[in-house]
Amino acid sequence: MTTPVQGPDGRPRCHWSAAAPEFLAYHDTEWGFPVADEQRLFEKLSLEGFQSGLSWRTILAKRENFRAAFAGFDIPQVARYGARDVERLLQDAGIVRHRGKIEAVINNARCAEAMLDQEGSLAAFVWRYEPDPAELPDPQTVTASPTSIALSKDLRKLGWKFVGPTTVFAFMQAMGLINDHATYCAIRPRAEEERLAFTRPGR
């Protein structure tokens, strides 16, 4: 079990929320709360891909720059990016200038567009992999799970890149497909309330 940290209100939080000043607001208002919005889901999958080999603090600090660079992660717009856009983004010091990751976001936008025709929506596809909470291990004790492995495998079958099981598990944690707030965390009950009230896409 991880050691709790005390938030500004005196209540306990997940230990990682104190690792950087910008983490607390992200932890308290975003992480673990269910999301059905296509752009937000695509953004998070993209940013998790950029995080590969880096820290989340690096990515979170640059998030607004990423949004500007990738048209707010609007799937149709990003899907139309071409070679000139790749070169432009490689010169953008406000983001992570990694050709493979930049090209992966564009590729994945095209895959997401195809998914709208084949699967209904990215949200409906992703939420099919929501695990039964009873099958989950204790919060924050693993970095991948059978469902993240399955989702990763199926995304890759559809042509997605930079969506390994660990990346996908972090995405599932953040987007509320699981409530991975520590059992002692003061935010866990609120995240669970929102999950209970949440209408799953495609159902």
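A brief structural summary. Predicted model, so just to flag it, every value in this text is computed and none were measured. (Residues numbered from 1 in each chain as written. Predicted model: local features only at pLDDT ≥ 70, side-chain atom pairs only at ≥ 80, totals over all residues. Heavy atoms only, no water.)

**Re helix 10 (residues 165–174)**
Put simply, the rule is: The cut-offs for exposure are 20% and 50% of the maximum accessible area for each residue type, with area from a 1.4 Å probe on protein chains only; residues under the lower value are buried, those over the upper are exposed, and the others partly exposed. Runs of H or I in DSSP of at least four residues are treated as helices and runs of E of at least two as strands, each being numbered from the N terminus. Any two residues having at least one pair of non-hydrogen atoms within 4.5 Å are treated as being in contact.
Along helix 10, 8 of the 10 residues are buried, which leaves the element largely enclosed by surrounding structure. For helix 10, every residue scored as buried is listed here: Thr167, Val168, Phe169, Ala170, Phe171, Met172, Gln173 and Ala174. Where helix 10 is buried, its residues contact helix 1 (23–29), helix 2 (38–51), helix 8 (122–127) and helix 9 (146–157). With its phi angle positive at about 80°, Gly176 sits one or two positions after the end of helix 10.

**A closer look at the pattern of salt bridges**
The condition is simple: Any carboxyl oxygen of Asp or Glu within 4 Å of a side-chain nitrogen of Lys or Arg constitutes a salt bridge here.
As enumerated under the stated definition, the model contains 15 salt bridges in all. The salt bridge partner of Arg13 is Asp9, with a shortest N-O separation of 3.0 Å. Its relative accessible area of 40% is what places Asp9 among the partly exposed residues. One salt bridge in this structure joins Arg200 and Glu130, with 2.7 Å as the shortest N-O distance.

**Concerning the nonpolar core**
We apply this condition: Among buried residues, those of type Ala, Val, Leu, Ile, Met, Phe, Trp, Tyr and Cys that are joined through side-chain atoms within 4.5 Å constitute a nonpolar core.
Ranked by internal contacts, the top residues of the largest apolar core, which has 58 residues, are Phe66, Phe70, Ile102 and Trp160. Looking at which element gives the most residues to this core, the answer is helix 7 (residues 99–119), with 7 residues. Those residues within four positions of Phe66 in sequence are excluded, and the remaining contacts are Leu47, Phe50, Ile59, Phe73, Ile95 and Val96.

**A word on the packing of aromatic side chains**
The criterion, for reference: Any pair of Phe, Tyr and Trp rings, taking the six-membered ring for Trp, is counted once the centres come within 6.5 Å. Such a pair is stacked with planes under 30 degrees apart, edge-to-face with planes over 60 apart, and tilted for the rest.
Tallied over the full model, the rule gives 12 aromatic pairs. Taking the centre distance of 5.0 Å and the plane angle of 70° together, the rings of Trp16 and Trp31 count as edge-to-face. Of this pair, Trp16 sits in the loop between strand 2 (12–13) and helix 1 while Trp31 is found in the loop between helix 1 and helix 2, placing the two residues 15 residues apart along the sequence. Residues Trp16 and Trp31 agree in their burial class; the two are buried. Taking 5.4 Å as the distance between ring centres and 55° as the angle between the ring planes, the aromatic pair formed by Phe125 and Tyr129 counts as tilted. Joined through ring pairs, the aromatic side chains of Phe42, Phe50, Phe66, Phe70, Phe73, Tyr81 and Trp160 make up one cluster.

**With respect to helix 2**
Convention followed: For a helix, the expected span equals 1.5 Å multiplied by the number of residues minus one. Throughout this description, a polar contact denotes any pair of N or O atoms lying within 3.5 Å of each other; where both atoms belong to protein, one of them has to be capable of donating a hydrogen while the other can accept it, and for residues adjacent in sequence the pair is counted only when both atoms sit in side chains.
Between its first and last C-alpha, helix 2 extends 20 Å over 14 residues, near the 20 Å set by a 1.5 Å rise per residue. In terms of burial, helix 2 is largely enclosed, as 11 of its 14 residues are buried. For helix 2, the capping residue at the N-terminal end is Asp37, with a side-chain oxygen 3.1 Å from the backbone nitrogen of Gln39. Among the residues trailing helix 2, Gly53 stands out with phi positive, at a value near 85°.

**Focus on the side chain of Asn179**
Checked against the element boundaries, Asn179 lands in the loop between helix 10 and helix 11 (188–197). Of the polar contacts made by the side chain of Asn179, one reaches the backbone nitrogen of His181; its length is 3.3 Å. At 3.1 Å, the side chain of Asn179 forms a polar contact with the side chain of Glu192. The contact partners of Asn179, leaving out residues within four places of it in the chain, are Arg188, Ala191, Glu192 and Arg195.

**A look at the packing of helix 9 against helix 10**
In plain terms, the rule: Only the contacting stretch of a helix is used when fitting its axis, a line to C-alpha atoms as for every element, and angles between N-to-C directions run 0 to 180 degrees. In these notes the angle categories are as follows: under 35 degrees is roughly parallel, over 145 is roughly antiparallel, 65 to 115 is roughly perpendicular, and the rest is oblique. Note on convention: near helix rotated counterclockwise from far helix by under a right angle means a left-handed crossing. Clockwise means right-handed.
Remark: helix 9 packs on helix 10, axes separated minimally by 8 Å, with the N-to-C direction vectors making an angle of 115°. Classed by the angle they form, the pair helix 9 and helix 10 counts as roughly perpendicular. Of the two possible hands of crossing, helix 9 and helix 10 adopt the one that is right-handed. Contacts from Thr147, Ser148, Ile149, Leu151, Ser152, Leu155 and Arg156 in helix 9 reach Pro165, Val168, Phe169 and Met172 in helix 10.

**A look at the side chain of Arg200**
Relative to the elements of secondary structure, Arg200 occurs in the segment after helix 11. Side-chain polar atoms of Arg200 contact the side chain of Glu130, separated by 2.7 Å. At 3.0 Å, the side chain of Arg200 and the backbone oxygen of Phe198 are in polar contact. Discounting residues that sit within four places of it in the chain, Arg200 has contacts with Trp127, Glu130 and Arg195.

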